[in-house]
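Secondary and tertiary structure notes
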Amino acid sequence: MELMYASTRDANEKVTASQAILKGLANDGGLYVPTEIPSLDVSMEELSKMTYQETAYEVLKLFLTDYTEEELKNCINAAYDSKFDTEEIAPLVDADGAYYLELFHGPTIAFKDMALSILPHLLITAARKNNVKNDIVILTATSGDTGKAALAGFADVKGTKIIVFYPKNGVSPVQEKQMVTQKGDNTFVVGIHGNFDQAQTGVKKMFSDTELAKEMDAAGYQFSSANSINIGRLVPQIAYYVYAYAKLYANGVIAKDEKINIVVPTGNFGNILAAFYAKNMGIPVAKLICASNENKVLYDFFSTGTYDKNREFMLTSSPSMDILISSNLERLIYRIAGEDAAKNAALMKELNTTGKYEITSEMKEKLADFYGNYASEKETADTIRDLYEKTGYVIDTHTAVAASVYHKYKKDTNDAETKTVIASTASPFKFSRSVMDAIDPKYDSLSEFELVDELSKIGNVKIPQAIEEIRSAEVRHKTVCEVEEMPKVVKQFLGM
Ligand SMILES: *Cc1c(COP(=O)(O)O)cnc(C)c1O
């Protein structure tokens, strides 16, 4: 049977998986959700013997039912190949009483690669299936990580072009260097004189510009989106939770059907939602632990039932979690509202107009799967240092937020028994300065690349290819424009 996708804001809008991937967002502004969450149909015995690619297939085949077996396997094999620096793709590291699921072994050394390495393939397959003749043009505004992961994923993928806008003075030096050195004739990176919000607004304007869409169509192009609300990013993320559980079972860490906790450093709520879906597919999970940094909207939401984004935006050392509107939370709200699109739409409208909403006590009861907490900047740094001093293992700032919240969870609940997986979302090399500062302030005077060398020494880990590359890589993208010029720049790149 075909699994369909419905909009969280309109029960009547139903599309196939490939259509949902092509469109990204529903017409009414809602997110696509599967009309039911399928159960895994292979045993843990079988899963425990599978490679990452095989596990991914078992998950994807249940969600993306209008793709053929051959199509899915081609997408999976093109995504999870030697671009990853380990055959395990997502290895587990046992350190200080928890299992760190390292999701950063892909080309841009952050967990976004887990989904953005397969999305381009899912997208062009979807275009073919739905008789789309145009080339797909991916437009992205980025504050750092997503842009590079999307560029790496789409580079040289036939039938696609990708254009990334970033705030010229609003990303870290490593992030900028990673983007402007991107190879691939179908890639285009543009710095704008403006902030991330302006880049984002400029991109959204182009998406809804019908005149532009007509011109594009005449030239053989159409826009699509690679951002995290696309179901094509969410579904591949479920796979690594299934994989992690199966590996713990295979290694004898857990018994059959033993429950585990999963801790996820959270921003847009995509990664932890994937863990929630894994649980609903049948993976035995006790608690889903949602870890926030000082932008603790989600912690407040889980404790009070009120989501309130009216607060100061904090810049932290875990920038990929600096977010006040966690878009993917809408998918959970829809679910705890009993899949009532009207109820969800009303709450989202309130969020849009007043910046907040409150869920009913009945809905709140359905959040029992989750535990929320947050870590301050100091707690995050202390966690990096303590873990390093105790074990020699170095984690990045985002992962440290999760580890710190896990310690709080243990204190709060006395649950020190349940085996726990912590999603490790970025390589420490991506945030060397904050990581090394946390370990010892004496590193403060070192340059960006000196820090990298030092980190490699003290952590006893090889410098990732992604970092080595940008040391000497040639800058290939030098375009800088004003916000108003964004459409003009797009047309120029497309030769229109
Ligand atoms: C994007 C990101 C997160 C947050 O993930 P969400 O799915 O948005 O909750 C956490 N850590 C890193 C390193 C990221 O890049």
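If you check an unreviewed UniProt entry, the protein chain appears there as Threonine synthase from Roseburia intestinalis. Turning to the protein chain, the UniProt annotation filed under Sequence similarities (unreviewed entry) states: "Belongs to the threonine synthase family." In UniProt, the protein chain has this text filed under Cofactor (unreviewed entry): "pyridoxal 5'-phosphate".

**Topic: the nonpolar core**
Core analysis: the largest hydrophobic core is formed by 114 residues, its most contacted members being Y5 and L64. Sorting elements by how many residues they give to this core places helix α11 (residues 231-250) first, with 14 residues. One finds L387, Y388, Y409 and V435 within the second-largest nonpolar core, a separate group that totals 42 residues.

**Focus on the UniProt feature "domain: Threonine synthase N-terminal" (unreviewed entry) in the protein chain**
The positions UniProt marks with the feature "domain: Threonine synthase N-terminal" (unreviewed entry) are residues 5-80. The distance separating the terminal C-alpha atoms of residues 5-80 is 26 Å; by composition the span is 45% helix and 16% strand.

**Notes on the site of the ligand**
Around the ligand, 15 residues are found, and the nearest of them are K112, G267, N268, N271 and T425. Contact between the ligand and T425: a nitrogen atom at 2.9 Å from a side-chain N or O atom of the residue. Considering only residue class, the shell around the ligand consists of five nonpolar, eight polar and two charged.

**Quick word on unusual backbone geometry**
Note: most residues except glycine have negative phi, and most peptide bonds are trans. Non-glycine residue N131 carries a positive phi angle of around 55°. Tracing the backbone through its elements, the reader meets N131 in the loop between α6 (119-129) and β6 (135-141). Overall, the relative accessible area of 57% leaves N131 in the exposed class. With phi around 65°, D156 is a residue other than glycine that occupies positive phi space.

**Topic: helix α4 (residues 69-79)**
Those residues of α4 that fall on the buried side of the exposure criterion are E71, L72, C75, I76 and A79. For α4, the buried positions fall inside an angular range of 130° around the axis, keeping them on one side. If you follow the buried residues of α4, they end up packed against α3 (52-63) and α6.

**Let's talk about the UniProt feature "domain: Tryptophan synthase beta chain-like PALP" (unreviewed entry) in the protein chain**
Under the local residue numbering, the UniProt record ascribes the feature "domain: Tryptophan synthase beta chain-like PALP" (unreviewed entry) to residues 101-418. Helix makes up 48% of residues 101-418 and strand 17%, and the two end C-alpha atoms of the span are 16 Å apart.

**Focus on the pairing of strand β4 (residues 92-95)**
Where β4 meets strand β5 (residues 98-102), four bridges bridge the pair, whose relative direction is antiparallel. If you follow V93 over to β5, its bridge partner there is Y100. Linking β4 to β5, which pair antiparallel, is a turn of two residues; within it D96 sits at a positive phi near 50°.

**Section: the sheet that holds strand β9 (residues 221-224)**
Reading across from one edge, β9-β6-β7-β8-β16 is the order of the five strands in this open sheet, with parallel pairing throughout. A single partner strand is all that each edge strand has here, and the edge strands are β9 and β16 (480-482). In this sheet, adjacent strand axes meet at a mean angle of 30° when their direction is disregarded. When strand β8 (residues 187-193) meets β16, the two strands line up parallel, connected through three bridges. Bridge pairing in β16 links I192 to C481. Sheet strands touched by helix α8 (residues 173-180): β7 (160-167) and β8. Its angle to β7, the strand with the most contacts, is close to 155°.

Calculation criteria
- Residues numbered from 1 in each chain as written.
- Predicted model: local features only at pLDDT ≥ 70, side-chain atom pairs only at ≥ 80, totals over all residues.
- Heavy atoms only, no water.
- UniProt positions renumbered as here; feature names shortened; annotations may be inferred.
- Core = buried A, V, L, I, M, F, W, Y, C linked by side-chain atoms within 4.5 Å.
- Buried < 20%, exposed > 50% of the residue type's maximum accessible area, 1.4 Å probe, protein only.
- Helix = DSSP H or I, 4+ residues; strand = E, 2+ residues; numbered from the N terminus.
- Near = heavy atom within 4 Å.
- Polar contact = N/O pair within 3.5 Å; in protein donor to acceptor, adjacent residues only side chain to side chain.
- Nonpolar A, V, L, I, M, F, W, Y, C, P; charged D, E, K, R; others polar.
- Arc of directions from axis to C-beta.
- Contact = heavy atoms within 4.5 Å.
- Pairing = 2+ DSSP bridges.
- Axes fitted to C-alpha atoms, helices over the stretch in contact; angles between N-to-C directions.

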